[in-house]
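Architecture and fold: a report
Letter by letter, the chains look like this.
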Amino acid sequence: MAGCKPRSSGWSGFRWIHREFLCKVPSFLIVLTCLTTPATADSYFQFTRMTPTLQQPWYFNFPYGVVVDDAGNVYIADTFNDRILKLTSDGIFIFAFGSEGSGDGQFFRPHDVAADSAGNLYVADRDNHRIQKFSRDGVFLAKWGTNGGGDGQFRRPYGVGVDSEGNVYVADTDNLRIQKFNGDGEFIAKWGVGGFGGPQDVTVDGLGNVYVADTGEHRIQKFTCAGTFLTEWGAGGGGSGDGAFLYPTGVATDQSGYIYVADSVNARVQKFTGDGDFVAKWENPGDGNGQFKTPVRIAVDGAGDVYVTDTWNPRIQKFSSEGVFKTKWGSPGGGDGEFYYPWSGAVDSGGIVYVVDSYNHRVEKFTNNGVYLSQWGSSGSGDGQFSYPTGVALDSSGYVYVVGPYQARVEKLTSEGVFVAKWGSGGTGDGQFFHAFGISVDSDDNIYVVDSENRRVQKFTNNGVFVRKWGSLGSGDGQFRYPTGIAVDGMDDVYVADNNNHRIQKFSSDGSFLTKWGTEGGGEGQFRYPAGVTVDERDFVYVADSGNHRIQKFTSDGSFVETFGTFGSEVANINNPQGLAVAAVNNVPHIYVADSSNHRLQMFMELPAPPISRSIIVAAGGAFPGNNLWSATQLCANFAYRTLTYQGFTKDTIQYVSSDLDLDLDGNGVADDVDANATNAN
């Protein structure tokens, strides 16, 4: 088998003999050979920068539960990222653990976390209907619970608390009860069946009293550690007065015995004595410092500082015990160059990037290198104001056009944000809108708007004169199910992201259907709720495949070219991309991605694809039943695989060859590469 000598910088520290690494055991041989082959694509996209850059990786996706251990470390149940984060009391990231799944140490929508005096952690793994126990370092220790209504079973447990003796209390929410266990998961007691309205949180004070956030009944209930009822406050059908609640979801106690309640729908925190006497509150709905949108959980540290998960903002806020704001951790922001759900972008002929900052109700401007320039807009319905804008486009004269689903109009502004004109109103008639989501401009400066809830595209002159419309509800050619993104190429053909049909449709400028591509799925050329679409000067089409957390590139007729991006919050990861723009910077194509749920703008540049270095592991001895040499074969093959991964190879560039040259693991008629470890099947 012909090979090439590996790069010396990539293989230092390993001994190569005649360009082959030999692992010898009796009767067979494993050979690794490094090959260089042409790239499968002509180019690839490399991350270049992002804005803003956070002090710490505070990328939360629906943060819910929070607890502080005896050492002052803060643990956060980052629910939609299916992980637990550990930070210092100053917000410095320490580590994270967990991933989506049902295996040991995996989570499916974890909603709460508690800590015992030894530093062990207990996680309410809600949609896996179980509790998992970990060391303070995130090492899995134990688990208990299955879906059901029996003792030790759960139905969507939302909350977990621990007393000073190490007993664990679980808010078994959909079973309308509290269950008590020892620290190893042995069932002790239960109470409250029929007496709760969906309890979501539970905590224990220093005297062993148990407090339950009885969410559906708008009250706090207090019990002994054996479940004997002591008192309650709130109730009365809910309210907004002092001591009343609207869906309280979190309860915590401090070392002085004060009780803090996350009064979620009232967007506030209330403080009480242990007997329910009102002490104080801090409330101010909004997204500014010290304001809340939906506070859901509370924790108190040894110094008396209070941590609140402000879930829908999404962030953690820290206060003194008197409610004085101290700091916040999170990726959304309202400052210069910060975002709160950036939605789409456009680039002018001079390389200036315009980004719709949806939840901040504004447009921000940047250089093509991400340097902040200016902003305009505020929340409202007046001229130059916006209500959750989602679409932006530019014409050849530099005018800026902005739409959003809740403003039922198109606004036209100068490049400095000076209001020029507007058109549209709510409705279904020509020139009216019901959720105008996306906007684009053709070479003659005609304006195209995706009128999402009306399931159509409308075309106007740049002065707002209605020209034509097309589309209706359905999944046939030219029909839509909530279209959200739109783009126009150099030939004035129109591309529409047909979101709920999981496809892209292409039309002529007069609305004649031309072609379509895409089905629901995660494969190449498939989509899950494509949200945005753009076209470059070469007429390549780029799609923000939001549900798959990636960008896909196609030819203008829908032939798949390449994809980049994976789910997450690390550099170059993407979480729910909603829009994108493309421009040439120094003749190099750059993609600007509105990484919406990470509240940032990421920039990628297109580079020529280098040759791919591949390695082939040849395992003689065969893969067949009864092969008693398999243990040694597996050991050497897996050692070889790990060695290669340390040198930069991946599962896409490592291939196995076995004695069964016709091996077809998935039955598709093609011999398969193997993703990772060698097995007796491959």
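Our subject is the structure listed above.
Below, the structure is looked at part by part. Along each chain, numbering runs from 1 in the same order as the chain's sequence is written. Only residues with pLDDT of at least 70 get local features here, since the model is predicted, and only at 80 or more are side-chain atom pairs given and counted; chain-wide, interface and lining totals rely on the full set of residues. Remark: hydrogens and water are excluded; side-chain values derive from all non-hydrogen atoms of the structure.

Once that is clear, we can look at the pattern of salt bridges. We define a salt bridge as a side-chain nitrogen of Lys or Arg found within 4 Å of a carboxyl oxygen belonging to Asp or Glu. If you walk through the whole model with that rule in mind, you get 39 salt bridges. Among the ionic pairs, Asp 125 bridges to Arg 130, the shortest N-O distance being 2.8 Å. The same class applies to Asp 125 as to Arg 130, namely buried. In this structure, the salt-bridge partner of Glu 562 is Lys 553, at a minimum N-O distance of 3.6 Å. On the basis of relative accessible area, Glu 562 is assigned to the buried category, the value being 7%. Each of Asp 242, Asp 263, Arg 268, Lys 281 and Glu 283 takes part in one network of salt bridges that share partners. Exposed residues in this analysis have more than 50% of their type's maximum accessible area, buried residues have under 20%, and partly exposed residues fall in between, with area computed by a 1.4 Å probe over protein chains only.

Right, let's talk about unusual backbone geometry for a bit. In this chain, Thr 51 is followed by Pro 52 through a cis amide linkage whose omega measures -5 degrees. Starting at the N terminus, helices and strands are each numbered in turn, a helix being any DSSP run of H or I of at least four residues and a strand any DSSP run of E of at least two. Relative to the helices and strands, Pro 52 is located in the loop between strand S3 (43-51) and strand S4 (63-68). Phi is positive for Leu 176, which is not a glycine, with a value near 55 degrees. Mapped onto the elements of the fold, Leu 176 is located in the loop between strand S13 (168-172) and strand S14 (177-181). Positive phi values are uncommon outside glycine, yet Asp 539 reaches one of about 65 degrees.

Here the focus is the sheet that holds strand S6 (residues 83-87). With respect to topology, four strands assemble into an open sheet ordered S4-S5-S6-S7, the strand pairing being antiparallel. Edge positions in the sheet fall to S4 and strand S7 (93-97), since each has one partner strand and no second. Across the sheet, the mean angle from the axis of one strand to that of its neighbour is 20 degrees, orientation sign disregarded. Here four bridges tie S4 to strand S5 (residues 74-78), and the two strands are oriented antiparallel to one another. Each bridged residue has a counterpart across the sheet, and for Val 68 the counterpart in S5 is Val 74. At least two DSSP bridges between two strands are needed for those strands to be called paired. Each axis is a line fitted through C-alpha atoms, and for a helix only the stretch in contact is used; angles between axes span 0 to 180 degrees, taken between their N-to-C directions.

Next up on the list: the side chain of Asp 310. Residue position: Asp 310 is located in strand S25 (residues 306-310). With a relative accessible area of 0%, Asp 310 lands in the buried category.

This paragraph deals with the nonpolar core. Across soluble globular proteins, you tend to see nonpolar side chains buried next to one another. Membership of the largest hydrophobic core comes to 26 residues, with the highest contact counts inside it found for Val 457, Val 494 and Val 496. Contributions of two or more residues to this core are made by strand S28 (342-347), strand S29 (353-357), strand S32 (391-394), strand S33 (400-403), strand S37 (447-451), strand S40 (483-488) and strand S41 (494-498). Should any heavy atoms of two residues lie within 4.5 Å, those residues are considered in contact. If near-sequence neighbours (up to four positions away) are discounted, Val 457 is found in contact with Tyr 448, Val 449, Val 450, Arg 468, Lys 469, Trp 470, Phe 480, Ile 486 and Val 496. By convention a nonpolar core is built from buried Ala, Val, Leu, Ile, Met, Phe, Trp, Tyr and Cys residues, the set being connected through side-chain atoms within 4.5 Å.

Only centres within 6.5 Å qualify two rings of Phe, Tyr or Trp (six-membered ring in Trp) as a pair; their planes then separate them into stacked at under 30 degrees, edge-to-face at over 60, and tilted for everything else. By the definition in use, this model includes 52 aromatic pairs. Look at Phe 62 and Phe 80: their rings are 4.6 Å apart centre to centre, the planes differ by 10 degrees, and that puts the pair in the stacked class. Linking Phe 62 in the loop between S3 and S4 with Phe 80 in the loop between S5 and S6, this pair joins segments that are 18 residues apart in sequence. Accessibility expressed as a relative area gives 14% for Phe 62, which makes it buried.

Turning to the sheet that holds S29, a few remarks are in order. Judged by pairing direction, the sheet is antiparallel, and its four strands sit side by side in the order S28-S29-S30-S31 without closing on themselves. Of all strands in the sheet, those bounded by a partner on one side alone are S28 and strand S31 (372-376). Along the sheet, successive strands turn relative to each other by an average axial angle of 20 degrees, direction set aside.

Relative to the helices and strands, Ala 244 resides in the loop between strand S19 (229-234) and strand S20 (248-253). Residue Ala 244 is classed as buried on the basis of its relative accessible area, which comes to 17%. Counting along the chain gives eleven residues from Ala 244 to Trp 233, while the straight-line C-alpha distance between them is 7.7 Å. Sequence-distant contacts of Ala 244, defined by excluding residues within four places in its chain, comprise Gly 239, Asp 263, Asn 266, Arg 268 and Gln 270.

Following the sequence through the fold, Val 371 ends up in the loop between strand S30 (362-366) and S31. Setting aside residues up to four positions removed in sequence, Val 371 forms contacts with Lys 365 and Phe 366.

Before going further, it helps to examine the environment of Val 162. Checked against the element boundaries, Val 162 lands in strand S12 (residues 159-162). The buried category is assigned to Val 162, whose relative accessible area is 15%. On a C-alpha basis, the gap between Val 162 and Asp 116 in space is 5.9 Å, while along the polypeptide they are 46 residues apart. The contacts of Val 162, once residues within four sequence positions are left out, are Ala 114, Ala 115, Asp 116, Tyr 122, Asn 167, Val 168 and Val 204.

Quick look at the side chain of Gln 179 now. Relative to the helices and strands, Gln 179 is located in strand S14. Exposure remark for Gln 179: the relative accessible area of 0% places this residue in the buried category. What qualifies as a polar contact is a pair of N or O atoms within 3.5 Å, subject to a donor-acceptor requirement within protein and to the restriction that residues adjacent in sequence count only when both atoms come from side chains. For Gln 179, the side chain forms a polar contact with the main-chain nitrogen of Gly 152, separated by 2.8 Å. Among the polar contacts made by the side chain of Gln 179, one reaches the side chain of Asp 172 at a distance of 3.1 Å. Leave out the neighbours within four places in its chain, and Gln 179 touches Gly 150, Asp 151, Gly 152, Gln 153, Phe 154, Val 168, Tyr 169, Val 170, Asp 172, Phe 187, Ala 189 and Lys 190.

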